[in-house]
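# Descriptive structure summary
Now for the letters of each chain:
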Amino acid sequence: MADEVILLDFWASMFGIRVRIALAEKGIKYEYKEQDLFNKSPLLLQMNPVHKKIPVLIHNGKSVCESSIIVQYIDEVWKDKAPLLPYDPYQRAQARFWADFIDKKMYDTSRKTWATKGEEQEAAKKEFIEVLKTLGGELGDKPFFGGDNFGYVDLCLIPYYCWFYSYETFGKFSVEAECPKFIAWVTRCLQRETVAKALPDEKKVFEFVSVLREKIRVE
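The name that an unreviewed UniProt entry assigns to the protein chain is Glutathione S-transferase U19, with the source organism given as Citrus sinensis.

If you tally the helices and strands in the protein chain, you get eleven helices and four strands. The globule rule puts the C-alpha radius of gyration for 219 residues at 17 Å, and the 17 Å found for the protein chain is close to it. Projected onto its principal axes, the C-alpha coordinates of the protein chain cover approximately 55 × 45 × 30 Å. For the protein chain, with 219 residues in total, the buried portion stands at 47%. If you take every contact in the protein chain between residues at least 6 apart in sequence, the share linking residues at least 24 apart comes to 68%. If you sum the accessible surface of the protein chain, you get close to 11,500 Å²; carbon and sulfur atoms cover 52% of it. Seen as two clouds, the 32 positive and the 33 negative side-chain charges of the protein chain have centres 3 Å apart.

Right, let's talk about the pairing of strand S2 (residues 31–34) for a bit. Relative to S2, strand S1 (residues 5–9) runs parallel, the two sharing four bridges. Following the sheet pairing, Ile6 is matched in S2 by Glu31. Since S1 and S2 lie parallel, the crossover through helix H1 (residues 14–26) that links them has a hand, and here it is right-handed.

So, about the pattern of salt bridges. Under the defined criterion, the tally for this structure stands at ten salt bridges. Here Lys133 makes a salt bridge to Glu178, at a shortest N to O gap of 3.9 Å. A residue pair is termed long-range when its members are at least 10 positions apart, and Lys133 in helix H5 (residues 118–139) and Glu178 in helix H8 (residues 175–178) qualify at 45 residues. Overall, the relative accessible area of 39% leaves Lys133 in the partly exposed class. Residue Glu178 is classed as partly exposed on the basis of its relative accessible area, which comes to 42%.

Moving on to helix H3 (residues 67–77). Within the sequence span of H3, burial applies to Ser67, Ser68, Ile70, Val71, Gln72, Ile74 and Asp75. Where H3 is buried, its residues meet H1, strand S3 (56–59), strand S4 (62–65), helix H4 (89–115) and helix H6 (152–157).

Looking now at the state of the cysteines. Going through the model one piece at a time under the given rule, you end up with zero disulfides. The thiol sulfur of Cys189 is not disulfide-bonded, and the nearest other cysteine sulfur, from Cys156, lies at 12 Å.

Across a sheet, strands are paired by hydrogen bonds formed along the backbone, either parallel or antiparallel in direction. Here we have four strands laid out as an open sheet, ordered S2-S1-S3-S4, and mixed in their pairing. Strands at the two margins of the open sheet, each flanked by one partner only, are S2 and S4. Averaged over all pairs of adjacent strands, the angle between strand axes in this sheet comes to 20°, irrespective of strand direction. Relative to S1, H1 is tilted by about 155°, and along the sheet it contacts S1, S2 and S3.

Another aspect to go through is H1. Along its 13 residues, H1 runs 19 Å from first to last C-alpha, staying within 8% of the 18 Å computed at 1.5 Å per residue. For H1, the buried fraction is high: eleven of the 13 residues fall into the buried class. All of the buried residues in H1 are Met14, Gly16, Ile17, Arg18, Val19, Arg20, Ile21, Ala22, Leu23, Glu25 and Lys26. Looking one or two residues past H1, Gly27 carries a phi angle of roughly 70°, positive in sign.

Rules behind the numbers
- Residues numbered from 1 in each chain as written.
- Predicted model: local features only at pLDDT ≥ 70, side-chain atom pairs only at ≥ 80, totals over all residues.
- Heavy atoms only, no water.
- Helix = DSSP H or I, 4+ residues; strand = E, 2+ residues; numbered from the N terminus.
- Rg over C-alpha atoms; globule rule 2.2 N^0.38 Å.
- Buried < 20%, exposed > 50% of the residue type's maximum accessible area, 1.4 Å probe, protein only.
- Contact = heavy atoms within 4.5 Å.
- Areas by Shrake-Rupley, 256 points an atom, 1.4 Å probe, with all protein chains shown as cover.
- Lys, Arg positive; Asp, Glu negative; His and termini not counted.
- Charge placed at Lys NZ, Arg CZ, Asp CG, Glu CD.
- Pairing = 2+ DSSP bridges.
- Right-handed = clockwise from strand over helix to strand, strands pointing away.
- Salt bridge = Lys/Arg side-chain N within 4 Å of Asp/Glu carboxyl O.
- Disulfide = S-S within 2.5 Å.
- Axes fitted to C-alpha atoms, helices over the stretch in contact; angles between N-to-C directions.
- Expected span 1.5 Å × (residues − 1).

Here it is, written out as structure tokens:
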């Protein structure tokens, strides 16, 4: 019997994009169900009753939640193609460490670059650049975080890139000016069809962020 795979997601979610890239890397066919974040569906509430958030992967009727956990699940279930995590236990631990760093540092800091103003926004911009520089230090001169091959850490981080135009426009700063090596890594990632197809247009994301700013009355 063929696997039934359903993804509950939202088009602009950097967390959902992670899962879409992972599924594409593995060549897995799935049903995509777009969710309204402001009017959550009964299916989403049923499949993720604890956090009530996307993305949710439903595999043969069973739900897996939280993007980094979903990606690891995908890698373990469909392990015969395009491994995302390293085989070596130490390297796997390091990959998980940096994915955890991204989860703990990137979202809140990047959000403040467009969702705040004044001194709070200035502090957020500095912190965001420092986070990118820390990640750039780990990347070093390697093509990808895991070495020569696109992998778990790259997959966890690259979805943020479609939001960079919004961060830079509202925050009035340039990532490329501050972190040129980071943008070079982005360029390498975008050469992968699985990544390029998964990332929505940055101007469309910008329009969405503009609506969010109005909702939280940043102006």
